Amino acid sequence: MVARWQAELGMAAFLAVIGVITIIGALEYGVGWSPSGPEPGAFPFYMGIIVLLASLANALRATLPLLRTRLWAGQAFLKPEQLRLVLGFTLPILGLVIASLMLGLYVGMALYLFGTLVLQNRYPVLKAGLIALTTPFLAYLLIERVFKVAMLKGPLEAWLGL
Amino acid sequence: MDGFSGLLHGFSVALTWYHVMLMVVGVLLGILVGVLPGLGAPNGVSLLLPLTFTMDPVSAIILLTSMYWGALFGGSTTSILFNIPGEPSSVATTFDGYPMAQNGRATEALSFAFLSAGFGAIVGVLLITALSGWVTQFALKFSSPEFFGVYFLAFASFVGLSGAPPLKAAVSIALGFSLAAVGMDSVSGSLRLTFGYDVLLAGISFLVAVIGLFGIGELILTIEDGLKLDGIRAKITPRDVLRTAAQMPKHWATLLRSSIVGCWMGITPGGPTAASFMSYGLAKRFSAYRANFGKGEPDGVIAPETADHSAGTSAMLPMMALGLPGSATAAVMLGGLMIWGLNPGPMLFVERPDFVWGLIASMYLGNVVAVVLVLATVPLFASILRIPFAIIGPLIVVVCFIGAYTIAGRPFDLWLALGFGILGYVFKKLDYPIAPLILAMVIGDKAEDAFRQSMIMSKGSLTIFWSNPLVTGLMLLGLVLLFWPLLGALRQRLRPSPA
């Protein structure tokens with residue numbers, strides 16, 4: 001189980017790192033005063049400071065009461081079965097992104113839809129195949145024919161000459 | 001152009017067959033995204049926006065705003081029939097809407113919701129019609145320090161009044177501004193915060209952020225809840241609607257109070273969600289049937305719906321007149337305005353009256369179209385929710401990623417959408433507010449420019465923000481709101497606790 005305070009602390013740490021990165025990036029371009037006004041890094045610099053300081057304060061707020069009461073278990077952020085559901089939904093999306101970058105979005109979405117329907121939800125292969133094939137086709141008609149916007153394509157589209 | 005003649009001109013722009021058709025399409029798409037879990041108004045508008053880049057701005061904004069009205073109505077439908085708020089702003093509608101539906105009064109609840117929503121929207125548009133000329137005159141006196149003061153006030157009110165933990169709101173806002181700063185700086189040409197990565201040169205699109213934070217993040221949250229759809233069937237006949245409409249005047253006090261709350265929260269960037277909760281709370285406090293709230297009291301449906309829609313519409317006023325969006329969806333539209341090459345702010349009324357008044361007129365028409373369409377199509381859209389989530393969920397994911405790619409045709413945006421999705425999920429679970437992050441991303445450059453211009457005017461002295469009564473007032477009010485939570489805590493400590 002992930003406890004609430006662990007999640008709070010993790011998020012605060014992540015955001016504090018983002019704050020530090022922003023500050024470092026801003027320092028590259030100067031954060032002081034130049035003849036033409038504030039230097040380009042000034043505004044992001046102060047924003048980075050706010051992110052950093054507020055995140056540190058959030059980290060303290062999440063942990064101080066626990067230090068005092070020593071009730072470390074506390075409130076749950078994510079129960080094991082929830083974690084399973086979330087990962088079961090998010091990991092295939094990661095697969096969709098990787099497949100789309102390699103094979104184009106149309107092929108990527110067909111594989112993703114087919115995969116989630118058949119492997120995860122035990123849909124009959126025929127039904128899942130129908131959904132997985134008609135969706136990219138409809139998307140193609142709408143996006144490229146009606147709105148005339150180009151979609152991320154891969155080797156299959158090149159082979160088909162689209 | 002003053003109010004009335006401007007409005008007449010606006011109707012001549014909005015009342016063409018093409019524009020009415022766009023309203024119908026927009027409203028139907030809006031109801032669809034409002035009904036589907038994970039696709040809300042900000043997200044739907046973000047997905048549609050890239051497809052409008054080639055359209056005339058007037059037609060584009062009519063399409064997008066109509067989608068917004070449709071999404072607001074769609075969100076209420078699922079709240080009442082499924083106990084699932086399609087939009088964060090229709091959460092309060094579930095409190096009494098779903099119990100009413102369970103008690104066999106689904107049709108009545110839906111009719112009350114749609115009619116009071118329509119009422120709230122019309123009050124919002126009337127307010128815009130009446131005030132826009134005045135606000136513009138007022139805003140034309142603004143220069144950089146005043147604009148910075150307005151932005152400061154807006155973000156301070158997020159920290160102080162939004163109900164989210166103030167420090168978390170501050171993180172959200174500063175993070176949004178930092179993300180807005182990534183890429184080529186428009187003033188100096190420096191490549192800020194890119195760390196040598198070419199993919200970051202063009203910056204991080206707020207549209208990708210919206211699609212991730214609101215779309216994918218919301219879907220993950222839905223999955224985690226172990227979605228159970230237990231819908232109540234409803235069919236609306238014209239006679240039912242008329243019967244409910246005849247009861248509406250009885251609820252005049254709630255309608256009026258909720259419209260005022262909604263307009264106030266829409267113009268100051270409290271947003272529709274805060275407006276609907278506040279209005280529900282007030283309705284409960286003032287009602288003679290207080291005990292009946294939560295068990296299916298019509299006032300409990302009317303109050304949040306009226307406030308939600310009047311906030312949604314009146315948020316358009318600061319968006320156009322000051323370039324300051326009052327809700328996440330308005331922020332996305334504001335970004336759209338800038339992409340179409342328009343310059344939101346007081347000059348918009350002078351330079352593009354056809355756009356401004358065409359939009360205002362279309363808000364009257366679009367909301368009427370929306371009420372009629374939503375009443376006619378409720379059974380159809382409710383049946384969409386009966387399709388298993390195993391199919392709908394992945395399809396929405398696919399739509400989100402198509403949308404993310406069409407924004408700029410950059411493969412990297414797919415990664416960003418996923419990243420923002422996970423961030424949005426964790427943000428929601430830990431009560432980090434998302435709307436101010438989007439607002440900061442959209443107006444980041446404008447706020448920074450206003451700050452830099454002010455600094456150049458004053459040669460680096462912060463006293464410019466206290467240099468005249470107007471800017472002093474704005475900054476003072478902002479500071480009060482910023483430290484409102486602290487003041488509240490202090491007051492409680494000073495007051496002896498009642499035994």
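In this text the structure is predicted, and so the values were computed from the model without any measurement. (Residues numbered from 1 in each chain as written. Chains lettered and ligands numbered in written order. Predicted model: local features only at pLDDT ≥ 70, side-chain atom pairs only at ≥ 80, totals over all residues.)

**Remarks on the interface of chain B and chain A**
Across the contact, 46 residues belong to chain B and 51 residues belong to chain A. Looking at the side of chain B that touches chain A, the elements that each hand over two or more residues are helix 7 (166-181), helix 8 (206-224), helix 17 (389-408), helix 18 (412-429) and helix 19 (435-458) of chain B. The dominant element in the side of chain B that touches chain A, judged by the number of residues it contributes, is helix 17 of chain B, at 10 residues. Residue composition of the side of chain B that touches chain A, grouped by class: 32 nonpolar, seven polar and seven charged. (Contact = placed C-beta atoms within 7 Å. Helix = DSSP H or I, 4+ residues; strand = E, 2+ residues; numbered from the N terminus. Nonpolar A, V, L, I, M, F, W, Y, C, P; charged D, E, K, R; others polar.)

**Some thoughts on the domain arrangement of chain A**
On domain assignment, one finds that chain A holds domain 1 (2-78) and domain 2 (81-160). Taking only C-alpha atoms into account, the centre of domain 1 of chain A sits 37 Å from that of domain 2 of chain A. (Domains from an automatic or database assignment.)

**As for the environment of B:Ser258**
All names here are of chain B. Structurally, Ser-258 is set in helix 10 (residues 252-267). Each C-alpha atom of the pair Ser-258 and Ala-307 lies 4.9 Å from the other, and the pair is 49 residues apart in sequence. Leaving out residues up to four positions away in the same chain, Ser-258 has contacts with Gly-120, Ser-279, Ala-283, Ile-302, Ala-303, Thr-306 and Ala-307.

**Here we look at helix 19 of chain B**
Since the α-helix packs 3.6 residues into each turn, any two residues three or four apart lie on the same face. Residue and element names in this part refer to chain B. When the terminal C-alpha atoms of helix 19 are compared, their 32 Å separation across 24 residues agrees well with the 34 Å that a helix rising 1.5 Å per residue should span. By the largest-angle criterion, Ile-443 marks the main kink of helix 19, which is about 60 degrees. Of the residues one or two after helix 19, Lys-459 is the one with positive phi, at around 55 degrees. (Expected span 1.5 Å × (residues − 1). Bend = angle between axes of the 7 residues up to and from the residue.)

**Comments concerning the nonpolar core**
Core analysis: the biggest nonpolar cluster contains 213 residues, and B:Leu64, B:Tyr151, B:Phe401, B:Ala417 and B:Ile438 have the highest contact counts within it. A domain split of this core shows at least three residues from each of domain 1 (2-78) and domain 2 (81-160) of chain A. In this structure B:Tyr151 touches B:Leu324, B:Ile443, B:Ala447 and B:Ala450, once residues within four positions along its chain are discounted. (Core = buried A, V, L, I, M, F, W, Y, C linked by C-beta atoms within 7 Å. Buried ≥ 20, exposed ≤ 12 C-beta atoms within 10 Å, placed from the backbone.)

**A look at the confidence of the model for chain A**
Across chain A, pLDDT averages 90, with 97% of residues at or above 70. Element-level pLDDT for chain A is lowest in strand 1 (residues 2-3) of chain A, with a mean of 84, against a maximum mean of 95 in helix 1 (residues 4-27) of chain A. (pLDDT = per-residue confidence, 0-100.)

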